[in-house]
Amino acid sequence: MGEEVKEKVKEYYGSIAKRANGSSKISCCSPSSCCSSSCSVSDNSMIYSHEYLKGLPAEAVNASLGCANPLSIANLKAGEKVLDLGSGGGIDVFIASKYVGQKGYVYGLDMTDEMLSLANRNKKKMGITNVEFIKGYIEDIPLPDETVDVILSNCVINLCESKEKALSEAYRVLKTGGRLAIADIVALKEISEDVKKSAEMWVGCIAGALPINEYKSILSKVGFKNIEISPVNVYTKDVIENIKKGKNIKGIDLNVDISSLDGTFAGAYIRAAK
Ligand SMILES: C[S@@+](CC[C@H](N)C(=O)[O-])C[C@H]1O[C@@H](n2cnc3c(N)ncnc32)[C@H](O)[C@@H]1O
């Protein structure tokens, strides 16, 4: 699929960002809500507890497209430098900025112009100065080696075709002793070729999901240590059906047998160290 997938992903998330406003929740991996299995909820209470969302504007909270809360495993400290891969509307960047404080700094990296504009509008509303959104690809991070203490990401690595390139870039920009704290979709069972080829399922964070062992072996190959992957919510066939229906990408209508996917995917927490 090559560049075609990247362009579909950009087009899809660009259109989501354009629709985002403060009063309604935008959708990602389901037509109704988020990437989590709790897709029927219309707020983020299933992903982020009140403690994390306190002080964030509705526009930033409603722009959340993640599958879990990577901040809950990041253990951020005042003064740390953080990079969020695929920062979208910026929710995890804004939460991180509260924890690292004025002496810390948070970069959000995204390839989609509309998402960067949305994030910058949210930043302006919040009036914060310890945050910067940068344009670029996760597979080619525009930062020097050993720049950040912590790498966050939420429901994004599954969208990259070259996970090894993305994770080796994450390793490169992480300081020695730094940590990776991400949420992502993983595959718990084998994925059929139909699903792998479906662009709908790619933008829905499903087709590109890696089996846990493969994810671990890539992390280890690029240099990470102390790798832990913990699935936290398993996708039912109803959730996947909603994702498929919600994509509605013109010109693509592959017949994916959804019932065979019941329990195939899960949102997971991924931790590792450099
Ligand atoms: C599912 S959304 C998640 C957004 C955000 N992390 C959140 O939790 O709300 C995926 C985001 O990753 C970005 N993205 C996907 N693939 C990317 C890549 N290869 N390089 C940079 N950004 C990418 C998309 O533009 C989109 O904003």
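It should be emphasised that the depicted structure is a prediction, and the values quoted were computed from it without experimental measurement.

A.B. asks: For the overall build of the protein chain, give the residues involved together with the corresponding values.
C.D. replies: Scanning the protein chain from N- to C-terminus turns up 11 helices and eight strands. Long-range contacts, defined as pairs at least 24 residues apart, comprise 76% of the intrachain contacts of the protein chain with a sequence gap of at least 6.

A.B. asks: Got a sec to walk through the pairing of strand β3 (residues 131-135)? Specific residues and values, please.
C.D. replies: Where strand β2 (residues 105-110) lies against β3, five bridges are found, and the strand directions are parallel. By the bridge assignment, L109 is partnered in β3 with I134. This β-α-β element, β2 to helix α6 (residues 113-126) to β3, shows right-handed connectivity.

A.B. asks: Any chance you could break down the pairing of β2 for me, citing the residues and the numbers?
C.D. replies: The buried fraction of β2 amounts to six of the six residues, a majority that puts the element mostly inside the structure. Following the chain from strand β1 (residues 81-85) across helix α5 (residues 91-100) to the adjacent parallel β2, one finds a crossover that is right-handed.

A.B. asks: Before we move on, can you summarise the site of the ligand with the specific residues and values?
C.D. replies: Around the ligand there are 24 residues in total, and G66, G86, G88, T112 and N154 lie nearest to it. If you list the elements that add at least two residues to the shell around the ligand, you get α1 (3-19) and α5. Split into classes, the residues belonging to the shell around the ligand amount to 13 nonpolar, eight polar and three charged.

A.B. asks: Describe the nonpolar core, and please don't skip the residues or the numbers.
C.D. replies: In this structure, V82, A96, I151, L180 and I206 are the most contacted members of the largest nonpolar core, which totals 85 residues. With eight residues, the single largest contributor to this core is strand β5 (residues 174-187). Discounting chain neighbours no more than four positions away, the residues touching L180 are I151, A170, L174, F224, I270, R271 and A272.

Rules of the game
- Residues numbered from 1 in each chain as written.
- Predicted model: local features only at pLDDT ≥ 70, side-chain atom pairs only at ≥ 80, totals over all residues.
- Helix = DSSP H or I, 4+ residues; strand = E, 2+ residues; numbered from the N terminus.
- Contact = placed C-beta atoms within 7 Å.
- Pairing = 2+ DSSP bridges.
- Right-handed = clockwise from strand over helix to strand, strands pointing away.
- Buried ≥ 20, exposed ≤ 12 C-beta atoms within 10 Å, placed from the backbone.
- Near = placed C-beta within 6 Å.
- Nonpolar A, V, L, I, M, F, W, Y, C, P; charged D, E, K, R; others polar.
- Core = buried A, V, L, I, M, F, W, Y, C linked by C-beta atoms within 7 Å.

Purely spatial values, then, with no claim about function.
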